[in-house]
Amino acid sequence: MPTSADEQRRELTQLAEQIAYHEAAYRRGEAEIPDSEFDEMFERYGELADALGLEEGERLDAAPGADHTEGFETVEHRVAMLSLEKLSPNRRDSHGEPIPLREQLEQWYVRRLKELELEDGARLPLLVEPKIDGISVSLLYEGGELTRAVTRGDGRSGDVITRQVEESGAVPRRLEGVSSGTLEVRGELYWPTSAFRAYNARLAAAGERTIINPRNGCAGLMKRKEPEGLGEAGIRSFLYQVPWVEGVELPDSQSGILRWLADRGAPVYVDEILRADDVAAAFAHCEAYGARRATLDFDIDGMVIKIDELKWYGRLGETGHHPHWGIAFKFPPERKATRLLDVSVQVGKSGKLTPVAHLEPVLLAQTTVSRASLHNFVEIERKDIRIGDTVLVEKAGEIIPQVVGVKKDARPADARAVSRPTTCPSCGSEPVVEEIFIYCVNPACPAKVSERLQHFASRSAMDVEGLGEKLIAQVAQAYSIATPDALFGLTVEQLARLERMGEKSAQNVVDALARAKGRGLARVLVGLAIRHLGERMAEDLASYFGSAERLLEFAARYVAGDEAAVEALAPEKGTGAIEGLARKTADVIFAELDSPATRAVFAALAGHGVKLDAVVETREEVEGVANKTFVLTGTLPTLKRTEAAERIKIAGGKVSGSVSKKTDFVVAGEEAGSKLDKAQKLGVAVIDEATLLQMLGRG
Ligand code: IVH
């Protein structure tokens with residue numbers, strides 16, 4: 001524990017940067033550290049923020065975590081999707097002694113009895129379920145038919161993923177024997193380990209980048225804009241909650257609900273649950289089930305303990321974050337101690353120099369681990385990790401091993417500090433420090449070049465099928481390819497001459513390159529691997545500027561310090577024309593875009609006929625709809641809500657999830673709820689489907 005406020009503040013600032021970084025990586029589906037470590041960082045952040053008396057507004061943990069994806073319709077959850085309070089292995093009593101999980105569960109149970117004004121010895125049965133590590137989803141069934149699927153989002157509103165969920169085949173399209181009434185069912189979408197492995201094996205065989213972990217992979221698939229063929233991935237679900245229902249008679253206990261859902265063909269935990277009469281039995285089941293973890297075809301990160309009788313739920317209430325009727329028991333992730341033999345430096349696509357731990361091999365979650373990530377040099381210094389130390393290793397998302405801690409009391413006398421690299425290990429040039437990271441900025445650095453080419457061809461960027469890691473390494477070496485534009489100059493003859501390549505596969509790659517030329521500006525921008533320029537920012541820049549020409553022209557003005565240009569797009573806090581583009585980020589992005597190297601790449605790409613304009617969906621602006629904001633509520637007589645939203649967008653309008661003063665029209669269908677009330681309160685125009693169709697010119 002640092003002593004002075006200065007030290008605390010320094011640690012807090014570093015933690016805040018790390019948290020922001022890892023949160024962004026997580027949102028991109030590229031988590032680098034295990035959840036447990038993220039939670040620990042967050043907990044430590046909370047402690048420091050408390051100790052320093054940080055105001056609500058200044059705290060990271062007070063900001064609502066928005067989790068919406070561009071291009072998806074957003075809707076408000078009728079009942080907020082909260083998260084569960086956790087029993088924490090780090091909780092301590094007033095003497096600083098850790099409180100055993102079992103005791104914490106006992107305390108939780110006793111508090112429930114008190115809240116319900118029940119006697120100490122009263123019977124309050126519990127239901128224990130596995131806590132599957134997937135993504136939560138809300139499903140709307142109307143007259144027994146699945147009509148909408150929504151992500152958790154920020155808990156208040158989520159993204160509509162109906163088509164993705166339908167295509168995936170993970171949840172029933174109808175509840176057998178239910179023909180009237182409406183209910184929302186919540187559950188978890190997950191990727192069974194076996195299906196995930198099979199999918200990755202197919203990707204690897206095709207020379208494509210594999211997916212790091214099943215949970216983020218599942219989240220990524222559910223946000224795929226073209227969901228056709230998603231069924232092949234084998235996503236599955238467990239449904240476990242009905243937060244509200246109208247016009248359907250339901251059992252009065254959680255165990256009854258699960259049985260009811262199972263009887264109607266829904267996938268629910270059946271063999272996995274236990275109705276326990278007391279805390280001892282519940283706890284014993286948590287531990288016993290945990291021992292089976294490695295044999296299951298899905299990842300669980302803990303167990304959920306719920307009050308079984310639903311009649312108590314209303315009385316128990318909730319905080320803004322957690323309901324009081326349930327609690328999560330988290331398993332500790334498998335963690336092993338081993339010796340840190342050495343630290344080497346790896347060069348990433350953006351030139352980031354990442355420390356890699358070389359370990360004495362150790363068996364961890366079924367594989368032998370001899371290398372692990374150390375994240376960054378600030379983290380090494382913060383944790384004071386030295387070569388020769390005994391370190392603790394864990395797996396992130398059960399796949400990539402990470403060094404998560406160090407046993408300082410076991411430090412040998414000859415342990416050596418890890419020094420920050422003063423040269424790039426690949427090209428020898430002097431690196432630069434930016435925030436918590438160190439970068440090689442030499443555009444010709446060979447390690448960086450190879451990583452960048454791979455990234456350019458990858459799925460998230462230009463998506464050149466068949467041009468995977470190995471082939472890139474081969475062409476880069478054989479034909480001295482250093483910039484992505486040169487890939488488009490590859491010929492069938494050149495490719496066919498390479499080892500393990502035939503005429504046919506060479507032709508396929510050339511065809512794939514030709515197809516990739518039309519992907520548009522946003523994908524090109526992603527492919528350039530410019531720091532801070534991720535998928536979302538690339539899409540925003542592409543649609544704002546419309547073409548590479550206008551974007552580069554602006555970059556030059558920005559770099560030249562044209563105040564008007566800077567202010568309009570990137571004011572200090574990122575509240576300008578492009579959401580989230582703050583000054584510091586913009587400085588890096590535009591400097592790189594305006595560099596001679598990037599300009600040369602753009603010119604060469606244009607020379608190869610690569611499309612450098614934004615790809616716009618075919619839109620036909622309709623007067624009266626274009627640039628107006630609509631909110632949809634209730635069930636419309638003929639259109640599905642997704643269809644209505646799609647039509648509004650094609651006509652140039654916007655669709656929002658919540659009513660505000662900025663809303664132009666609320667389209668209300670049957671059983672419109674609170675949004676209609678709000679619209680009336682704010683005096684926003686309320687129209688019906690027929691009027692909307694008329695406005696769209698199709699009525
Ligand atoms: S009940 C208030 N039951 O764990 C949310 N959740 O933090 C109550 N989860 O967001 C959800 N298995 O995504 C519940 N058997 C289970 C679960 C489960 C996994 C997830 C869910 C939720 C998170 C709780």
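The structure this text deals with has already been given above.
To keep things clear, this report deals only with the structure shown in the data block.

Definitions and limits used
Each chain has its residues counted from 1, running along the sequence as written. Only residues with pLDDT of at least 70 get local features here, since the model is predicted, and only at 80 or more are side-chain atom pairs given and counted; chain-wide, interface and lining totals rely on the full set of residues. The side-chain numbers reported here are obtained from all heavy atoms of the structure, hydrogens and water having been left aside. Helix and strand definitions follow DSSP, with helices as H or I runs of at least four residues and strands as E runs of at least two, each counted in order from the N terminus. The classification of residues rests on relative accessible area computed with a 1.4 Å probe and restricted to protein chains. Under 20% of the type maximum is buried, over 50% is exposed, and intermediate values are partly exposed. Any pair of residues with heavy atoms lying within 4.5 Å of one another is described as a contacting pair. Surface accessibility follows the Shrake-Rupley procedure with a 1.4 Å probe radius. Residue values consider only the protein chains on display as shielding. Charge counting treats Lys and Arg as positive and Asp and Glu as negative, with His and both chain ends excluded. Charge placement uses NZ in Lys and CZ in Arg. For Asp and Glu, CG and CD serve respectively. We define the nonpolar core as a collection of buried residues of types Ala, Val, Leu, Ile, Met, Phe, Trp, Tyr and Cys that are connected through side-chain atoms lying within 4.5 Å of one another. Two rings from Phe, Tyr or Trp (for Trp, the six-membered ring) form a pair when their centres sit within 6.5 Å of each other. Planes less than 30 degrees apart are called stacked, planes more than 60 degrees apart edge-to-face, and all others tilted. Think of it as a cone above the ring: NZ of Lys or CZ of Arg counts as a charge over the ring if it is within 6 Å of the ring centre and within 35 degrees of the ring normal. Two strands are counted as paired when DSSP detects at least two bridges linking them. With axes taken as lines fitted to C-alpha atoms, and helix axes fitted only over the stretch in contact, angles between N-to-C directions fall between 0 and 180 degrees. Residues are counted as near a molecule or strand when any one of their heavy atoms sits within 4 Å of it. Pairs of N or O atoms within 3.5 Å make up the polar contacts considered here, provided that, within protein, one atom can donate a hydrogen while the other can accept it, and that residues adjacent in sequence are counted only when both atoms are side-chain atoms. Note on residue categories: nonpolar means Ala, Val, Leu, Ile, Met, Phe, Trp, Tyr, Cys or Pro, charged means Asp, Glu, Lys or Arg, and polar means any other residue, Gly included. The salt bridge definition used is simple: a Lys or Arg side-chain nitrogen within 4 Å of an Asp or Glu carboxyl oxygen.

A word on the overall build of the protein chain
Okay, so step 1: Looking only at helices and strands, one finds 23 helices and 24 strands in the protein chain.
Okay, so step 2: Burial status across the protein chain gives 48% buried among its 699 residues.
Okay, so step 3: Of all intrachain contacts in the protein chain linking residues separated by at least 6 positions in sequence, the fraction that spans at least 24 positions is 68%.
Okay, so step 4: Surface exposure of the protein chain reaches about 33,400 Å², of which carbon and sulfur atoms provide 49%.
Okay, so step 5: Distance from the positive charge centre (88 side chains) to the negative charge centre (110 side chains) of the protein chain: 2 Å.

Observations regarding the nonpolar core
Okay, so step 1: Of all hydrophobic cores here, the largest spans 72 residues; its most connected members are Leu 189 and Trp 191.
Okay, so step 2: Excluding anything up to four places from it in sequence, Leu 189 contacts Gly 134, Ile 135, Val 137, Val 165, Ala 170, Val 171, Cys 218, Met 222, Ile 235, Arg 236 and Ser 237.
Okay, so step 3: If you look at the next biggest cluster of nonpolar residues, it comprises 59 residues, including Leu 471, Ile 481, Met 501 and Ala 565.

Things to note about the packing of aromatic side chains
Okay, so step 1: Counting across every chain of the model gives 16 aromatic pairs.
Okay, so step 2: An angle of 65° between the planes, with centres 5.0 Å apart, marks the rings of Trp 191 and Tyr 199 as edge-to-face.
Okay, so step 3: Take Trp 191: its relative accessible area is 3%, and that puts it in the buried class.
Okay, so step 4: One aromatic cluster is present, built from ring pairs that chain together Tyr 544, Phe 545, Phe 554, Tyr 558 and Phe 590.
Okay, so step 5: When the ring centre of Trp 244 is taken as reference, the NZ or CZ atom of Arg 78 above it lies at 3.7 Å.
Okay, so step 6: Residue placement shows Lys 352 over the ring face of Phe 437; its charged tip is 4.1 Å from the ring centre.

Some remarks on the sheet that holds strand 5 (residues 145–151)
Okay, so step 1: Spatially, four strands are ordered 5-4-7-8 in an open sheet, and the strand pairing comes out antiparallel. With one partner strand each, in any of the chains shown, strand 5 and strand 8 (236–246) form the two edges of the open sheet. Averaged over all pairs of adjacent strands, the angle between their axes in this sheet comes to 25°, without regard to strand direction.
Okay, so step 2: When strand 7 (residues 182–190) meets strand 8, the two strands line up antiparallel, connected through eight bridges. Residue pairing for strand 8: Glu 188 is matched across the bridge by Phe 238.

Focus on the pairing of strand 21 (residues 629–633)
Okay, so step 1: Counting buried positions along strand 21 yields five of five residues, so the element is predominantly enclosed.
Okay, so step 2: Side chains of strand 21 alternate between two faces, with Thr 629, Val 631 and Thr 633 and Phe 630 and Leu 632 buried alike.
Okay, so step 3: Relative to strand 23 (residues 665–668), strand 21 runs parallel, the two being bridged by four bridges. Bridging from a neighbouring strand, Phe 630 pairs with Phe 665 of strand 23.

Here we look at the sheet that holds strand 21
Okay, so step 1: If you walk across this open sheet you meet the four strands as 22-21-23-24, and the pairing is parallel. Looking at the sheet topology across the chains shown, the edges are occupied by strand 22 (654–656) and strand 24 (685–687). In this sheet, adjacent strand axes meet at a mean angle of 35° when their direction is disregarded.
Okay, so step 2: Across three bridges, the pairing between strand 23 and strand 24 is parallel. The partner of Phe 665 across the bridge, within strand 24, is Ala 685.
Okay, so step 3: Across the sheet, helix 22 (residues 674–682) lies against strand 21, strand 23 and strand 24, angled at about 140° from strand 21, the strand it touches most.

Examining the site of the ligand
Okay, so step 1: The full set close to the ligand counts 15 residues, and Leu 84, Glu 129, Glu 188, Tyr 240 and Lys 306 are the nearest of them.
Okay, so step 2: Within the backbone of Leu 84, an N or O atom sits 2.9 Å from an oxygen atom of the ligand.
Okay, so step 3: Take Tyr 240: an N or O atom from its side chain is 3.4 Å from a nitrogen atom of the ligand.
Okay, so step 4: Look at the ligand: alone it shows 510 Å² of surface, and the protein chains cover 89% of it.
Okay, so step 5: Contributing elements (two or more residues each) for the shell around the ligand: strand 3 (126–132) and strand 10 (300–307).
Okay, so step 6: The element that contributes the greatest number of residues to the shell around the ligand is strand 3, accounting for four residues.
Okay, so step 7: Among the residues forming the shell around the ligand, the class breakdown is nine nonpolar, two polar and four charged.

A look at the environment of Trp 312
Okay, so step 1: Looking at where Trp 312 falls in the secondary structure, it is placed in the loop between strand 10 and helix 9 (313–316).
Okay, so step 2: The exposure class of Trp 312 is buried, given its relative accessible area of 13%.
Okay, so step 3: Residues within four places of Trp 312 in sequence aside, it is in contact with Leu 116, Leu 118, Leu 124 and Ile 307.

A short note on the pattern of salt bridges
Okay, so step 1: Applying the stated criterion across every chain yields a total of 24 salt bridges.
Okay, so step 2: Taking the shortest distance from any N to any O, the salt bridge between Arg 78 and Glu 246 comes out at 2.2 Å. Of this pair, Arg 78 sits in the loop between strand 1 (74–76) and strand 2 (85–87) while Glu 246 sits in strand 8; the two residues are 168 residues apart in sequence, bridging distant segments of the chain.
Okay, so step 3: Asp 384 serves as the salt-bridge partner of Arg 411, at 3.4 Å between the closest nitrogen and oxygen. Pair noted here: Arg 411 is in the loop between strand 17 (400–407) and strand 18 (416–417) and Asp 384 is in the loop between helix 10 (377–383) and strand 15 (386–387), with a separation of 27 residues, a long-range link.
Okay, so step 4: On the basis of relative accessibility, which here comes to 24%, the residue Asp 384 falls in the partly exposed class.

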